[in-house]
Amino acid sequence: MDAGTTTQLITVGATLSGVVLTLVANAFVESRKLKAAQRVEAQKRAADRANWLRDERVKAYAGLSTASEEAFQLIRTEFSGPVADRAGAEAAWRERRGELRKAYNQVELFGADEPRQRGKDLWKAARGGVNDVLAELDAGEPAVLRESLDRALTGISEAGERFLEACRADVQDTAG
């Protein structure tokens with residue numbers, strides 16, 4: 001082999017080695033860029049999901065709060081005096097109870113542990129309070145006894161306050 005051929009072979013070998021090293025380095029850099037872009041995208045999706053979940057929680061919490069307030073008002077207006085239209089009052093309560101249950105189901109679906117438990121307590125307080133009031137009417141009372149009505153309203157009010165406190169704490173924790 002002559003010196004010119006050897007020189008050309010060394011030059012070609014070095015050039016090919018350089019090209020191969022450049023391709024390997026570029027592939028490595030592109031792989032790192034792709035992984036970094038995937039991490040950024042995953043973080044963006046996680047942040048979007050967290051925001052969506054927080055918004056759904058706030059809607060669910062507000063829905064149950066509103067439904068419980070409407071139930072409270074219904075009890076106060078329908079049962080605070082003699083109940084002339086028992087069937088109408090019971091129908092209004094069934095509708096309100098359905099709305100209250102739907103709102104609680106939303107809290108159960110999207111809420112954090114503490115608000116879910118407090119929401120369940122609120123649901124039970126409203127349901128139990130009105131069931132007690134209706135039981136009195138079924139027993140032949142012409143009007144609901146003031147103590148029963150106060151007990152039902154106080155139960156809903158106190159459970160509602162505990163629910164709202166749990167909701168505030170949850171929303172503040174997710175916002176900060």
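Quick note: structure is the one above.
Given the structure is predicted, the values throughout are model-derived calculations rather than measurements. Here the residue numbers are simple positions, counted from 1 along each chain's written sequence. pLDDT decides what is reported in this predicted model: residues at 70 or higher carry local features, side-chain atom pairs at 80 or more are listed and counted, and totals for whole chains, interfaces and linings draw on all residues regardless. The side-chain figures draw on all heavy atoms in the structure; neither hydrogens nor water molecules are used.

Enquirer: Outline the overall build of the protein chain, listing residues and values.
Expert: When its secondary structure is counted, the protein chain shows four helices and zero strands. Throughout, the radius of gyration refers to the C-alpha atoms, and the reference size of a globule is 2.2 Å times the residue count to the power 0.38. In terms of C-alpha radius of gyration, the protein chain reaches 34 Å, well past the compact-globule figure of 16 Å for 176 residues. The principal-axis extents of the C-alpha atoms in the protein chain amount to approximately 120 × 30 × 20 Å. Per-residue burial for the protein chain yields a buried fraction of 26% across its 176 residues. Residue contacts are counted whenever heavy atoms from the two residues lie within 4.5 Å of one another. Considering only contacts in the protein chain between residues 6 or more positions apart, those separated by 24 or more positions represent 78%. Here the accessible surface of atoms and residues is derived via Shrake-Rupley with a 1.4 Å probe, and residues count as covered only by protein chains that are part of the display. In the form shown here, the protein chain has an accessible surface area of approximately 11,200 Å², with 55% of it arising from carbon and sulfur atoms. Residues counted as positive are Lys and Arg, residues counted as negative are Asp and Glu, and His and the chain ends are not counted. Charge placement uses NZ in Lys and CZ in Arg. For Asp and Glu, CG and CD serve respectively. One way to put it: in the protein chain the 26 positive side-chain charges average out to a point 6 Å from where the 28 negative ones average out. What counts as a helix is a DSSP run of H or I of at least four residues, what counts as a strand is a run of E of at least two, and both are numbered from the N terminus. Between buried and exposed lies partly exposed: a residue is buried under 20% and exposed over 50% of the maximum accessible area for its type, with that area taken using a 1.4 Å probe on protein chains only.

Enquirer: An account of the packing of helix α1 (residues 3-79) against helix α2 (residues 86-110) is needed here, citing residue identities and associated values.
Expert: To get an axis, fit a line to the C-alpha atoms, keeping to the stretch in contact for a helix; angles then go from 0 to 180 degrees between the N-to-C directions. Two elements in contact, α1 and α2, have axes separated by 8 Å at closest approach and are oriented at 160 degrees. Here α1 is positioned roughly antiparallel relative to α2, judged by the angle of their axes. As α1 runs across α2, the sense of the crossing is left-handed. Residue type decides the class: Asp, Glu, Lys and Arg count as charged, Ala, Val, Leu, Ile, Met, Phe, Trp, Tyr, Cys and Pro as nonpolar, and the leftover types, Gly among them, as polar. Its residues placed into classes, the contact of α1 with α2 shows 17 nonpolar, three polar and six charged. Working rule for angles: under 35 degrees goes down as roughly parallel, over 145 as roughly antiparallel, 65 to 115 as roughly perpendicular, anything else as oblique. Helix crossings fall into two classes, left-handed where the near helix is turned counterclockwise from the far one by less than a right angle and right-handed where it is turned clockwise.

Enquirer: A description of the packing of aromatic side chains should follow, citing residues and the corresponding values.
Expert: Working definition: rings of Phe, Tyr and Trp (its six-membered ring) pair if their centres are within 6.5 Å, and the pair is stacked with planes under 30 degrees apart, edge-to-face with planes over 60 apart, and tilted otherwise. Using the criterion set out here, one finds two aromatic pairs in the structure. Judged by centre distance (5.6 Å) and plane angle (85 degrees), the ring pair of Trp52 and Phe110 falls under edge-to-face. In this pair, Trp52 sits in helix α1 while Phe110 sits in helix α2, placing the two residues 58 residues apart along the sequence. Under the relative-accessibility criterion, Trp52 is labelled partly exposed at 41%. Taking relative accessible area as the criterion, Phe110 reaches 13% and is therefore assigned buried. Relative to Phe163, the ring of Tyr61 lies with its centre 6.0 Å away and its plane at 90 degrees, an arrangement referred to as edge-to-face.

Enquirer: Give me the environment of Arg146: which residues, what numbers.
Expert: Mapped onto the elements of the fold, Arg146 is located in helix α4 (residues 146-175). Counting along the chain gives 109 residues from Arg146 to Ala37, while the straight-line C-alpha distance between them is 66 Å.

Enquirer: Got a sec to walk through the environment of Ser148? Specific residues and values, please.
Expert: Here Ser148 is to be found in helix α4. The exposure class of Ser148 is buried, given its relative accessible area of 5%. In the structure, Ser148 is positioned 112 residues away from Ala36 in sequence and 63 Å away in space, judged by C-alpha atoms. Once you skip the residues sitting within four places of it in the chain, Ser148 turns out to touch Val133 and Glu136.

Enquirer: How would you explain the layout of surface pockets if you had to name every residue and give the values?
Expert: In this approach the atoms are scanned with a rolling probe the size of a water molecule, which exposes any empty space left behind. Grid points spaced at 1 Å over the protein atoms alone were grouped into cavities, where a 1.4 Å probe fits but cannot get out, and pockets, open sets with protein on both sides within 12 Å along at least five of seven lines, with lining residues defined by an atom within 4 Å of a point. Grid points are joined across faces, edges and corners, and a volume is the space filled by probe spheres set on the points. In this structure, the largest pocket occupies an estimated 160 Å³ of space. At the level of elements, α1 and α4 are the ones that each hand at least two residues to the lining of the largest pocket. Here the lining of the largest pocket takes six residues from α4, the largest share from any one element. Here the residues of the lining of the largest pocket are counted per class, giving five nonpolar, four polar and two charged.

Enquirer: Please set out the pattern of salt bridges residue by residue, giving values where relevant.
Expert: Counted as salt bridges are all cases of a side-chain nitrogen of Lys or Arg within 4 Å of a carboxyl oxygen of Asp or Glu. Summed over the entire model, instances satisfying the criterion amount to 13 salt bridges. A salt bridge links Arg96 to Glu99, with the nearest nitrogen and oxygen atoms 2.7 Å apart. Of the two residues, Arg96 and Glu99 both sit in helix α2, three residues apart, roughly one turn of that helix. For Asp121, the salt bridge goes to Arg118, with nearest N and O atoms at 3.6 Å. One end of the pair is Asp121 and the other is Arg118, both in helix α3 (residues 113-138) and three residues apart, which spans about a single turn. Judged by its relative accessible area of 24%, Asp121 falls in the partly exposed class. For Arg118, a relative accessible area of 25% corresponds to the partly exposed category.

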